[in-house]
Amino acid sequence: MTSAAATTDPGAPAAARIIMHVDMDAFFASVELKRRPSLRGQPVIVGGRGDPARRGVVSTATYEARVFGIHSGMALRTAARLCPDAVFLPVDFPAYHEASARVFECLAAVSERLQPVGLDEAYMDISHRSDDPLGIGLRLKDDIHAATDLVASVGIGPNRLLAKIASDLEKPDGLTRLHPADVPERVWPLPVRTLHGVGPRTAERLAGLGVETVGDLARMGRDGLSTEFSPRHAQSLSDSAHGIDERPVQTERVRKSIGRERTFQQDCRSSGRLDHEARLMLDEVRGRLTARQLGARTVTVKLRYRDFTTHTRSQSLASATDDHEALAALVRQCLFAHRLHRAVRLLGVQLSGLTPL
């Protein structure tokens, strides 16, 4: 359930929280293997239309495929080069939604303080439960397997950050609990990209400071980080390195944007066609906007070129609106602010700054 004006349930005080992170192992691929048990043990890649000769990206891959360096978001063609013997399957969202619904029925039976993260992942605040958290996690894993024949990894911690790290430590089929005292031994040796909010760009800037692991970041301290980052960002990074995270489990996720992207099967060089496609995307996105009785203040148009460089252009209004003509005018301004006569691989239209009308 999504809402523009979400209600956050803080659950227990931050110092007393027990947070569980549940992550289904290779979810899409696991659903496919249920239907095709003969593929078990083989490198299986799910993405696009299941044809590596066509454009598309990896949605998920079995662990047998991941040992070849294949990961979500990788181009299917690249995956095929890395693992020529892989089996490629098309994405089947109706099947994944059906399996996800059964998983979330199991999660809801454990705690109402539940924050979904996509179809295959969620945070739960179980602070109100008096029974052993590891016992809760073990029973939940068994219940999910009984209901879906799928495997989940469960992490437990005093906050969302450590619960998420815990669920990744012993994948697949993991059950791990981290306490604050475990951070130096179990978290500090991990790559700095393990931390929430440390993406490729931040990791590159940290590498320039000699920071490769979470421990390096912890030892750097806020003062050392402030030479490269704003005081607020430096404090956030330092807190994360020490396992500090005050974010509560949000029982309703705040919707920040609505968007649509399209990857062209053949690069597009026509500004007229890009204009037409952007209008179609806006029609679809605006339909979702009005269905939720929301207005948008900002329009962003994204182009990805043949060489995979990606540029975005944004325009904002003084107040949010769902007026088609106003939004279409902004889409066109953003689109034609780009260089349109290069080979365009991907086009995206996004509405943000969402406000209930």
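Refer to the structure printed above.
Model, not experiment: these values are computed from the prediction.

## Things to note about the layout of surface pockets
Link 1 in the chain: Volume-wise, the largest pocket comes out at about 570 Å³.
Link 2 in the chain: In terms of lining, the largest pocket is formed by 21 residues, of which the most central are Gly56, Glu261, Arg262, Thr263 and Leu346.
Link 3 in the chain: Breaking the lining of the largest pocket down by element, the ones donating at least two residues are strand E11 (257-268), helix H11 (271-291) and strand E14 (344-352).
Link 4 in the chain: A breakdown of the residues in the lining of the largest pocket according to their chemical character gives seven nonpolar, five polar and nine charged.

## Notes on the packing of aromatic side chains
Link 1 in the chain: Considering all chains together, one arrives at four aromatic pairs under this definition.
Link 2 in the chain: Between Phe27 and Phe28 the ring centres are 5.9 Å apart and the planes differ by 55 degrees, which places this aromatic pair in the tilted class.
Link 3 in the chain: The class of Phe27 is buried, set by a relative accessible area of 1%.
Link 4 in the chain: With relative accessibility at 13%, the residue Phe28 sits in the buried group.
Link 5 in the chain: Between Phe93 and Tyr96 the ring centres are 6.0 Å apart and the planes differ by 75 degrees, which places this aromatic pair in the edge-to-face class. You can see Phe93 and its partner Tyr96 sitting in helix H4 (residues 93-110), three residues apart, about one turn around the helix.
Link 6 in the chain: Members of the aromatic cluster, each reached through a chain of ring pairs, are Phe27, Phe28, Phe93 and Tyr96.

## A closer look at the pattern of salt bridges
Link 1 in the chain: If you walk through the whole model with that rule in mind, you get 23 salt bridges.
Link 2 in the chain: Between Arg129 and Asp131 there is a salt bridge; the shortest N-O distance is 2.8 Å.
Link 3 in the chain: Look at Arg129 and you get partly exposed, because its relative accessible area is 25%.
Link 4 in the chain: A salt bridge links Arg247 to Asp245, with the nearest nitrogen and oxygen atoms 2.8 Å apart.
Link 5 in the chain: What makes Arg247 partly exposed here is its relative accessible area of 23%.
Link 6 in the chain: Taken together, the salt bridges that share partners define one network made up of Glu32, Arg35, Arg36 and Asp92.

## Remarks on the sheet that holds strand E6 (residues 114-116)
Link 1 in the chain: The sheet built from five strands is open, its strands ordered E6-E7-E2-E8-E9 with mixed pairing. A single partner strand is all that each edge strand has here, and the edge strands are E6 and strand E9 (175-177). Taken over all neighbouring pairs, the strand axes of this sheet differ in orientation by 15 degrees on average, direction set aside.
Link 2 in the chain: The sheet contact formed by strand E2 (residues 19-24) and strand E7 (residues 121-125) spans five bridges and is antiparallel. Each bridged residue has a counterpart across the sheet, and for Val22 the counterpart in E7 is Ala122.
Link 3 in the chain: Contacting E2, E6 and E7, H4 runs over the sheet at an angle of about 10 degrees to E7.
Link 4 in the chain: Together, E2, E6, E7, strand E8 (152-157) and E9 form the strand contacts of helix H6 (residues 160-169), whose direction differs from that of E2 by roughly 40 degrees.

What counts and what doesn't
Residues numbered from 1 in each chain as written. Predicted model: local features only at pLDDT ≥ 70, side-chain atom pairs only at ≥ 80, totals over all residues. Heavy atoms only, no water. 1 Å grid on protein atoms, 1.4 Å probe; cavity = no way out; pocket = protein on both sides within 12 Å on 5 of 7 lines; lining within 4 Å. Points joined across faces, edges and corners; volume = space filled by probe spheres on them. Helix = DSSP H or I, 4+ residues; strand = E, 2+ residues; numbered from the N terminus. Nonpolar A, V, L, I, M, F, W, Y, C, P; charged D, E, K, R; others polar. Phe/Tyr/Trp six-rings, centres within 6.5 Å; stacked < 30°, edge-to-face > 60°. Buried < 20%, exposed > 50% of the residue type's maximum accessible area, 1.4 Å probe, protein only. Salt bridge = Lys/Arg side-chain N within 4 Å of Asp/Glu carboxyl O. Pairing = 2+ DSSP bridges. Axes fitted to C-alpha atoms, helices over the stretch in contact; angles between N-to-C directions. Contact = heavy atoms within 4.5 Å.

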